[in-house]
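Results of the structural survey
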Amino acid sequence: MSNSAHEILKDSIVIDCLFHGLFEDVPVEADGEINIVDLLQRGGVTAISDTMMDDNYPSNLTAACKTMYNYYLLEDTLPDQVVIVRNSKDIVDAKKTGKLAVIMSTQGADVFEHDLRFVSTLQKLNLKIVQLTYNHQGNLGSGVYEPHDTGLTRFGQQCIYEMNRVGMLIDLSHVGYQTSLDAMETSNDPVIFSHSSAKALCKHRRNITDEQIAACGKTGGVICACPHSVMMNDDQSSWPTVDRFIDHMLHIANIAGIDAVGVGTDRWRRPTLRSRMGRVGFDRTLPGWFGAFSDEEKQVQGFNYFDKWESFVEAMLKRDFTEEEIKKVLGGNLMRVFEQVWDKNLK
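So, a few notes on the structure that sits alongside this text. (Residues numbered from 1 in each chain as written. Predicted model: local features only at pLDDT ≥ 70, side-chain atom pairs only at ≥ 80, totals over all residues. Heavy atoms only, no water.)

**Remarks on the packing of helix α7 (residues 177-186) against helix α8 (residues 210-218)**
We count it as follows: Helix axes are fitted to C-alpha atoms over the stretch in contact, other axes to C-alpha atoms as well, and angles between N-to-C directions run from 0 to 180 degrees. In this text, helices come from DSSP runs of H or I with a minimum length of four residues, and strands from runs of E with a minimum of two, each type numbered from the N-terminal end. Throughout this description, any angle smaller than 35 degrees is read as roughly parallel, any larger than 145 degrees as roughly antiparallel, any in the 65 to 115 degree range as roughly perpendicular, and the remainder as oblique. By definition, turning the near helix anticlockwise from the far helix through less than a right angle yields a left-handed crossing, and turning it clockwise yields a right-handed one. Note on contacts: a residue pair is in contact if any heavy atoms of the two residues lie within 4.5 Å. Classification used: nonpolar for Ala, Val, Leu, Ile, Met, Phe, Trp, Tyr, Cys and Pro, charged for Asp, Glu, Lys and Arg, polar for all others including Gly.
Packing of α7 against α8 leaves a shortest axis separation of 10 Å and a crossing angle of 20°. The angle between the axes of α7 and α8 places the two elements in the roughly parallel class. The element α7 and its partner α8 pack so that their crossing is left-handed. Across the interface between the two elements, Tyr177, Ser180, Leu181 and Met184 from α7 touch Glu211, Gln212, Ala215 and Cys216 from α8. A class-by-class count of the residues in the contact of α7 with α8 yields 5 nonpolar, 2 polar and 1 charged.

**With respect to the side chain of serine 59**
You can see serine 59 is positioned in the loop between β2 (47-54) and α3 (61-77). Ignoring anything within four residues of it in the chain, the contact list for serine 59 reads Met53, Asp54, Asp110 and Val111.

**Looking at helix α6 (residues 154-166)**
Every α-helix carries 3.6 residues per turn, so stepping three or four residues along brings you back to the same face. Condition: Helix span, as expected, comes to 1.5 Å for every residue beyond the first. A simple rule labels every residue: compare its accessible area, found with a 1.4 Å probe on the protein chains alone, to the largest value its type can have, and call it buried under 20%, exposed over 50%, or partly exposed in between.
Here α6 spans 19 Å end to end across 13 residues, near enough to the 18 Å set by a 1.5 Å rise per residue. Among the residues of α6, those classed as buried are Phe155, Gly156, Cys159, Ile160, Glu162, Met163, Asn164 and Val166. Tucked inside the fold, the buried residues of α6 contact α5 (117-124), β5 (127-131), β6 (169-171) and α7. Directly beyond the C-terminal end of α6, a positive phi value near 85° is found at glycine 167.

**Topic: empty space enclosed by the protein**
The condition that has to hold: Definitions used for this entry: grid spacing 1 Å over protein atoms alone; cavity, a set of points where a 1.4 Å probe fits but cannot get out; pocket, an open set with protein on both sides within 12 Å along at least 5 of 7 lines; lining residue, one with an atom within 4 Å of a point. Grid points are joined across faces, edges and corners, and a volume is the space filled by probe spheres set on the points.
Applying the stated criterion across every chain, the model contains 2 cavities of 30 Å³ or more. Taken as a whole, the largest cavity spans an internal volume of roughly 50 Å³. In terms of lining residues, the largest cavity is bounded by Asp55, Ala109, Asp110, Leu132, Thr133, Tyr134, His136, Gln137, Gly138, Asn139 and Leu140. In this structure, the second largest cavity encloses a volume near 40 Å³. Along the walls of the second largest cavity sit His228, Ser229, Val230, Trp289, Phe290, Phe293, Ser294, Glu297 and Lys298, which together make up its complete lining.

**Quick look at the pairing of strand β4 (residues 100-107)**
Taken residue by residue, a regular strand's side chains alternate between the two faces of the sheet. Convention followed: In this analysis, strands are considered paired if DSSP registers two or more bridges between them.
With 8 of 8 residues buried, β4 lies mostly within the body of the structure. Neither face of β4 is left uncovered, since the one carrying Leu100, Val102, Met104 and Thr106 and the one carrying Ala101, Ile103, Ser105 and Gln107 both have all their residues buried. Taken together, the 7 bridges between β2 and β4 define a ladder with parallel strand orientation. Counted as the bridge partner of threonine 51 is serine 105 from β4. Pairing analysis gives 3 bridges linking strand β3 (residues 82-84) to β4, with the strands arranged parallel. What sits directly across from valine 83, in β4, is alanine 101. Sheet analysis places β4 next to β5, joined by 4 bridges and oriented parallel. Across the sheet, the residue bridging to threonine 106 is valine 130, located in β5.

**Regarding the packing of aromatic side chains**
To keep things clear, this is the line we draw: Two aromatic rings, drawn from Phe, Tyr or Trp (for Trp, its six-membered ring), form a pair once their centres lie within 6.5 Å of each other, and the interplanar angle then sorts them: stacked below 30 degrees, edge-to-face above 60, tilted otherwise.
The tally for this structure, following the rule as stated, stands at 13 aromatic pairs. With a centroid separation of 6.3 Å and 55° between ring planes, the pair formed by phenylalanine 19 and phenylalanine 306 is classed as tilted. Residue phenylalanine 19 is located in strand β1 (residues 15-19), and its partner phenylalanine 306 is located in the loop between α10 (273-285) and α11 (309-318); the two are separated by 287 residues in the primary sequence. This pair shows no difference in class: phenylalanine 19 is buried, exactly as phenylalanine 306 is.

**Overview of the environment of phenylalanine 245**
Of note, phenylalanine 245 is situated in helix α9 (residues 242-256). The class for phenylalanine 245 is buried, based on a relative accessible area of 0%. Measuring from C-alpha to C-alpha, the distance between phenylalanine 245 and cysteine 202 comes to 11 Å, with 43 residues separating the pair along the chain.

**Looking at α8**
Inclusion rule: Working definition: the arc comes from the directions between the helix axis and the C-beta atoms, pointing outward to the latter.
Gln212, Ile213, Ala215 and Cys216 are the residues of α8 that are buried. Looking down the long axis of α8, one finds its buried residues gathered within 165° of arc, a one-sided arrangement.

**Some thoughts on the packing of helix α4 (residues 88-97) against helix α12 (residues 323-342)**
Any two packed helices are characterised by the angle at which their axes cross and by the distance between the axes. For the pair α4 and α12, interaxial distance at closest approach is 8 Å and the crossing angle is 140°. Here α4 lies oblique to α12, going by the angle between them. Residues Ser88, Ile91 and Val92 of α4 lie in contact with α12, whose contacting residues are Met335, Phe338, Glu339 and Trp342.

**Some thoughts on the layout of surface pockets**
A water-sized probe rolled over the atoms picks out the places where empty space is left. In this structure, the largest pocket encloses a volume near 870 Å³. Lining the largest pocket we find 34 residues, and of these His20, Glu24, Asp54, Arg267 and Arg269 sit closest to its centre. Sort the elements by how many residues they give to the lining of the largest pocket and α10 lands first, with 7 residues. In terms of residue class, the lining of the largest pocket is built from 11 nonpolar, 12 polar and 11 charged. For the second largest pocket, the calculated volume is near 250 Å³. Residue lining of the second largest pocket: 17 residues in total, with Gln41, Gly43, Gly44, Val45 and Lys95 positioned closest to the centre. Taken together, the elements giving at least two residues each to the lining of the second largest pocket come down to α1 (3-11), α2 (36-43), α4 and α11. Of the residues that constitute the lining of the second largest pocket, the class distribution is 5 nonpolar, 6 polar and 6 charged.

Below, the structure written as structure tokens:
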């Protein structure tokens, strides 16, 4: 790798806006000394938004509180390596001290159940990002795989008002088209798509339209492109490369500007027993989602594992991204949104 790619990565706040499995995946490199935190840090990552709960199966407030215990236990177990994010300054400090900043987030809003009071309660426990729905109908609106997207519900409107008030960031990945547009119209704060790419380049159900991209940009938000191989091309006969992923990023930038582009990997995988079990289980809820791509091909070639962030920066340099633009994409754009949303009550 060129020195410029290495130096840019070293000098940047690098945020993976959608990670999951911090406690689950056992990497093939593990030898009793290496864990997921080590691999993320060695790859150059400063912060991850880690999915503490998803609504693939029903979840609730009690389950969320039990899961949160494990995050704080991780912070107590690895105090020199991990900090749980309370505000944006924790990410800045993590970069300075060489720690991994862990942002607690959800995929879906079942944790709110039907009680608006749970929004502020969970925010006080440092739940920082909430995805309004998962793939199906939820209390707040319709998921992207719901056959009939009926839009944001009344409870969904109320939750957005409350999330805006307390400083909880709204995530619209996995959210249905109409529900996402309703949410962006309702929110006074910027919103994000934590892991979605461009439907104009690949008609995958999980990708988003140019209208959604533009609307997100108008909120001041960020679309974090996702390097899932199945979301890169309509023709999936070959493993797409990091250059195709950059095509999606450039498409987003052409519509909403470079200040609206980020990255959400949806996590790397290797073919461990647990990952194989996860694929079989997920296939029961969404048959055929992984397509023909193996665990090692889950993300695009050249950006498909913990140690590929420098390769990704090198690829952006070859595509004529400036150093300033790269730093924005890696984490600068998200930091702007985090500061605006999370820190409003600190001023």
